[in-house]
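Okay, here's what each chain looks like letter by letter:
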Amino acid sequence: MRNGYFPIFSKGRVLKKESIEYLRDFPYDLASLACENYSDGILFGFSITSCGDGQIHISKGVLKYQSDIIVIPDQVSEMNESDYGVFLYTKMVVGEPHETVDCMIRNVELVIDRREVNAGNEIELGRFCLHRGAVLRCVYDSFADLRTPNDTMDLTRVPFAGYGAPSLHPVVIKEYAKALLTISRDPADTSFALMCMNTGVMHKGCIQWHIAKKTNKDYADFTLPMLYDKLLSLLPQSGIKGVVGPRRTSIL
């Protein structure tokens, strides 16, 4: 119910402008309020998988960009022959809003190319280097495996909309949590890891406080790639199977 108003549609009644406006505005107002204090970035979705024959499938998702909540349908992109064996960046390029007689439009284009992401109007969805005959992996053997350079989707730089600032992709922080639960019996580590496993997007500040406490250093603000590197440095580099193991590629 918006402002105490809920339209009733029944046979014989005139469809009023106010009722149509209600149907238009209520879901957007609800979503905007729920995400009001969140940064720009991905809110939901945008899982990336390879379909074979050079097709990359990006599932539907939701972006927040300059206070706009934008729903994007799922899409399939075709790789060119020259795209194999080189690093490709998957991103959403957000255009400026413009108005027509019927609606307000903000175009969003899915792009997969060799250009690094422009922080101005582009939001990264992931990066990868796919070789012909290989499968693009999105399931990881360890926390370090998230950065395996070949045939593996790298999500460590993907900005998920977080409270006040973009945060790490939920897949990244959950992989860290699984590793931490494996190696540590410290109650503080267990509490942090379970919190990571049980939430969607982890507050960036919480991650940075965790790093500060683990390293006995002052709290500091990091970029997302630095945040991943800091978390990786907290895990042992050998001796525990499945935590930071050898990097591999899946070949058909």
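Being a predicted model, the structure only gives us computed values, none of them experimental.

Trainee: Help me understand the pairing of strand β3 (residues 55-58) in this model?
Mentor: On any regular strand, side chains alternate: one points to one face of the sheet, the next to the other face. Judged by which residues are buried, β3 turns out to be one-sided: I56 and I58 face inward and are buried, whereas Q55 and H57, on the alternate face, are not. Examined bridge by bridge, strand β2 (residues 48-52) and β3 share 4 bridges and lie antiparallel to one another. The residue bridging S50 from the neighbouring strand is I56, located in β3. Hairpin connection, β2 to β3: the antiparallel pair is bridged by 2 residues, and D53 has positive phi, about 55°. The pairing of β3 with strand β6 (residues 75-78) spans 4 bridges and is classified as antiparallel. Across the sheet, residue I58 finds its bridge partner in β6, namely Q75.

Trainee: Honestly, the packing of aromatic side chains in this entry has me stumped. Any pointers?
Mentor: Two descriptors summarise a pair of aromatic rings, namely the distance from one centre to the other and the angle between the planes of the rings. The final tally for this structure, using the stated rule, is 6 aromatic pairs. An angle of 70° between the planes, with centres 6.4 Å apart, marks the rings of Y176 and F192 as edge-to-face. Of the two residues, Y176 sits in helix α2 (residues 170-183) while F192 sits in helix α3 (residues 187-197), which places them 16 residues apart along the sequence. By relative accessible area, F192 is classed as buried at 7%. Ring plane angle 40° and centroid distance 4.6 Å describe the contact between W209 and Y219, whose orientation is recorded as tilted. With W209 in helix α4 (residues 204-215) and Y219 in the loop between α4 and α5 (224-233), this residue pair connects regions lying 10 residues apart in the sequence. On the basis of relative accessible area, W209 is assigned to the partly exposed category, the value being 46%. Taken together, the ring pairs in this structure connect F143, Y176, F192 and Y228 into an aromatic cluster.

Criteria and cut-off values
Residues numbered from 1 in each chain as written. Predicted model: local features only at pLDDT ≥ 70, side-chain atom pairs only at ≥ 80, totals over all residues. Heavy atoms only, no water. Buried < 20%, exposed > 50% of the residue type's maximum accessible area, 1.4 Å probe, protein only. Helix = DSSP H or I, 4+ residues; strand = E, 2+ residues; numbered from the N terminus. Pairing = 2+ DSSP bridges. Phe/Tyr/Trp six-rings, centres within 6.5 Å; stacked < 30°, edge-to-face > 60°.

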